[in-house]
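# Summary of structural features
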Amino acid sequence: MWLSQGLLALVFVFVGSMKLITPVEVMLASMPVTLPGLFVRFIGIAEVLGAIGLLLPGILHIREGLTPLAAVGLVIIMSGATVLTVVGMGIGPALFPVVLGLLAAFVAYGRWRLAPLGV
């Protein structure tokens, strides 16, 4: 579980921070589907906070029930990313958000049922 959580956290901190530090014009020019700049920034913030939520509750042993909720939030984000990638670029490039979403779903289920934190 921890390996999956760590991998997801690394990916989402990187991807989310890139959405936050890249100039909006540059970011929107490279996107297959045009979205409002503030919405992309919001998604970046949500990804970084989701990454933090995957790790900190378990490390600090505070509010450990937030870990599966963070994973569910990332599943929702990756569902939207998959749809936008399929619409804009096709099925092949959409495999990356699908895999990330499935890994986040695994963490959510695992931390709720298989290996809950704090038990």
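The sections below set out a description of the structure shown in this document. The shown structure was predicted, so the numbers you read here are calculated from the model rather than taken from an experiment.

## Describing the overall build of the protein chain
Within the protein chain one finds five helices and zero strands. Walking the protein chain from its N terminus toward its C terminus, one meets helices and strands in the order α-α-α-α-α. Relative to its length of 119 residues, the protein chain is compact, with a C-alpha radius of gyration of 15 Å against a globular reference of 14 Å. Here the C-alpha coordinates of the protein chain stretch approximately 45 × 30 × 20 Å along the principal axes. Relative to its 119 residues, the protein chain shows a buried fraction of 37%. Within the protein chain, contacts between residues separated by at least 24 positions form 65% of all contacts whose residues are at least 6 apart in sequence. A total accessible area of about 6,900 Å² is found for the protein chain, and carbon and sulfur atoms account for 78% of it.

## As for helix 5 (residues 95–114)
Since the α-helix advances by 3.6 residues per turn, residues separated by three or four positions end up pointing in the same direction. Buried residues of helix 5: Pro97, Leu100, Gly101, Ala104, Val107, Ala108, Gly110 and Arg111, and no others. As for helix 5, its buried residues are in contact with helix 1 (2–21), helix 3 (37–60) and helix 4 (66–89).

## Quick word on the side chain of glutamate 47
The residue glutamate 47 is located in helix 3 in this model. When near neighbours in sequence (up to four residues on either side) are disregarded, glutamate 47 contacts Phe12, Val15, Gly16, Lys19, Leu74, Ile77 and Met78.

## Notes on the pattern of salt bridges
Two side chains of opposite charge can pair, provided their charged atoms sit close to one another. Inspection of the entire model under this criterion finds one salt bridge. Of the charged contacts in the structure, one is a salt bridge between lysine 19 and glutamate 47, with a shortest N-O distance of 3.0 Å. With lysine 19 in helix 1 and glutamate 47 in helix 3, this pair connects stretches of sequence that are 28 residues apart. A relative accessible area of 2% means that glutamate 47 is categorised as buried.

Conventions and cut-offs
Residues numbered from 1 in each chain as written. Predicted model: local features only at pLDDT ≥ 70, side-chain atom pairs only at ≥ 80, totals over all residues. Heavy atoms only, no water. Helix = DSSP H or I, 4+ residues; strand = E, 2+ residues; numbered from the N terminus. Rg over C-alpha atoms; globule rule 2.2 N^0.38 Å. Buried < 20%, exposed > 50% of the residue type's maximum accessible area, 1.4 Å probe, protein only. Contact = heavy atoms within 4.5 Å. Areas by Shrake-Rupley, 256 points an atom, 1.4 Å probe, with all protein chains shown as cover. Salt bridge = Lys/Arg side-chain N within 4 Å of Asp/Glu carboxyl O.

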